[in-house]
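Examining the three-dimensional arrangement
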Amino acid sequence: RAPRSERHSDAVKGRAQVRGGRRCRSDSHFTHAVSLSSVIVPTVGDLLDFENLLPQLILGLGLALLIGNGLAWQKNRRGKTPKGVEDAQYRPGRVAFLSVVGLVLSVWGAVTLFT
């Protein structure tokens, strides 16, 4: 009779292989893709690209702050007010601060993505 450690299934021992087109556990990590005959099926992490998700969100937030505050500053210079607002106030300090924050976030996100 085999020793007790050898009687457990491969999955219990952590040495399962890719069998029948299913992703199984290996010794140290899960496999990254599943092979179905000759077609490679990517995993969810490969499809969503989690490594670049946070820098993309930071870049998007920074650009939104820059564009939004730039348009507010431009409309104020032309003497226009937002539609549907009776007593709109333009706050130049707030616009400048949020524009600087947007610039910092945009540079940070771009440098992280493209380096």
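Bear in mind that the values here come from a model prediction, so they are computed numbers and not experimental data.

A few words now on the overall build of the protein chain. Counting its regular elements, the protein chain contains five helices and two strands. Walking the protein chain from its N terminus toward its C terminus, one meets helices and strands in the order α-α-β-β-α-α-α. Expressed as a percentage of the 115 residues in the protein chain, the buried residues total 15%. Restricting to contacts in the protein chain with at least 6 residues of sequence separation, those with at least 24 account for 41%.

This part is about helix α5 (residues 92-114). Helical geometry: 3.6 residues make up each α-helical turn, so side chains three or four residues apart lie on a common side. Here α5 spans 32 Å end to end across 23 residues, near enough to the 33 Å set by a 1.5 Å rise per residue. Buried within α5 are the following residues: V95, S99, G102, L105, S106 and G109. Tucked inside the fold, the buried residues of α5 contact α4 (50-78).

On to α4. Between its terminal C-alpha atoms α4 stretches 42 Å, which fits the 42 Å expected from 29 residues at 1.5 Å a residue. For α4, the full list of buried residues reads P55, I58, L59, G62 and N69. Looking at the buried side of α4, the elements it contacts are α5.

Let us look at a nonpolar patch on the surface. Together, V44, L47, L48, F50, L53 and L57 give the surface a local cluster of nonpolar side chains, amounting to about 610 Å² of exposed area. Breaking the nonpolar patch down by element, the ones donating at least two residues are α3 (44-48) and α4. Here L53 lies in helix α4. On the accessibility criterion, L53 (34% relative accessible area) is partly exposed.

This part takes up the packing of α4 against α5. Contact geometry for α4 and α5: axes closest at 7 Å, N-to-C directions at 150°. By the angle between their directions, the pair α4 and α5 is classed as roughly antiparallel. The element α4 and its partner α5 pack so that their crossing is left-handed. Tallied by class, residues from the contact of α4 with α5 come to 16 nonpolar, nine polar and no charged.

Glancing now at the side chain of N69. Considering the arrangement of structural elements, one finds N69 in helix α4. You can call N69 buried: its relative accessible area is 12%. One polar contact links the side chain of N69 to the main-chain carbonyl oxygen of L65, over a distance of 2.9 Å. Ignoring anything within four residues of it in the chain, the contact list for N69 reads V95, L98 and S99.

This part takes up the confidence of the model for the protein chain. Looking at the protein chain as a whole, the pLDDT averages 77, with 67% of positions reaching at least 70. Between the elements of the protein chain, mean pLDDT differs from a low of 45, seen in helix α2 (residues 10-13), to a high of 96, seen in α5. A low-confidence stretch, residues 10-19 stays under pLDDT 50, and its non-local contacts, those more than four residues away or across chains, total 20 contacts. In this model, residues 23-30 is a region of pLDDT below 50 whose contacts with residues beyond four sequence positions or in other chains number 18 contacts.

Reading the values: the criteria
- Residues numbered from 1 in each chain as written.
- Predicted model: local features only at pLDDT ≥ 70, side-chain atom pairs only at ≥ 80, totals over all residues.
- Heavy atoms only, no water.
- Helix = DSSP H or I, 4+ residues; strand = E, 2+ residues; numbered from the N terminus.
- Buried < 20%, exposed > 50% of the residue type's maximum accessible area, 1.4 Å probe, protein only.
- Contact = heavy atoms within 4.5 Å.
- Expected span 1.5 Å × (residues − 1).
- Patch = residues over 30% accessible without salt bridge, like charges linked within 9 Å, V, L, I, M, F, W, Y side chains within 5 Å.
- Areas by Shrake-Rupley, 256 points an atom, 1.4 Å probe, with all protein chains shown as cover.
- Salt bridge = Lys/Arg side-chain N within 4 Å of Asp/Glu carboxyl O.
- Axes fitted to C-alpha atoms, helices over the stretch in contact; angles between N-to-C directions.
- Parallel < 35°, antiparallel > 145°, perpendicular 65-115°, else oblique.
- Left-handed = near helix turned anticlockwise from the far one by under 90°.
- Nonpolar A, V, L, I, M, F, W, Y, C, P; charged D, E, K, R; others polar.
- Polar contact = N/O pair within 3.5 Å; in protein donor to acceptor, adjacent residues only side chain to side chain.
- pLDDT = per-residue confidence, 0-100.

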